[in-house]
Amino acid sequence: MSNGRPLVGSIGAPSFQEKKPIFYGHHVVDQLRMMQMQREMKDAVSTSHCSQPNNIEYDMAIEWCLLQERANKSWRKLYQRQGEELSKLKAKLKSKI
């Protein structure tokens, strides 16, 4: 090495697992990892899947519902007015013929 220390190396033998999986391409999950995953699932805290009235998510959802209802009402009014205008126009055209 550049600092005067010797570099020593040796050839290592590859290590193989004692137990080979039966199906090729499948991974074997060791027992410790399985136990840890089971413990984590058991200790997990359940959370609500619905928004609660004491958080911002609930307020935003209520506001979105209100805005959506306003938009739907506006569209219904527009379609109603257009329908009335079309009816008047059709009546006017029939009277001319």
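Throughout what follows, the structure given in this document is the object of discussion. (Residues numbered from 1 in each chain as written. Predicted model: local features only at pLDDT ≥ 70, side-chain atom pairs only at ≥ 80, totals over all residues. Heavy atoms only, no water.)

**Topic: the overall build of the protein chain**
- Check the secondary structure of the protein chain and you find 2 helices and 0 strands.
- A total of 97 residues make up the protein chain; the buried ones form 0% of that total.
- In the form shown here, the protein chain has an accessible surface area of approximately 10,700 Å², with 59% of it arising from carbon and sulfur atoms. (Helix = DSSP H or I, 4+ residues; strand = E, 2+ residues; numbered from the N terminus. Buried < 20%, exposed > 50% of the residue type's maximum accessible area, 1.4 Å probe, protein only. Areas by Shrake-Rupley, 256 points an atom, 1.4 Å probe, with all protein chains shown as cover.)

**Here's the deal with a nonpolar patch on the surface**
- Taken together, Leu86, Leu89 and Leu93 make up a surface patch of nonpolar side chains, about 290 Å² in accessible area.
- When you line up the elements, Leu93 lands in helix α2 (residues 56–96). (Patch = residues over 30% accessible without salt bridge, like charges linked within 9 Å, V, L, I, M, F, W, Y side chains within 5 Å. Salt bridge = Lys/Arg side-chain N within 4 Å of Asp/Glu carboxyl O.)

**Quick notes on the pattern of salt bridges**
- Scanning the model with the defined rule gives 1 salt bridge in all.
- The salt bridge involving Arg76 is made with Glu69; its shortest N-O contact spans 3.5 Å.
- Taking the relative accessible area as the measure of exposure, Arg76 reaches 48% and is therefore partly exposed.

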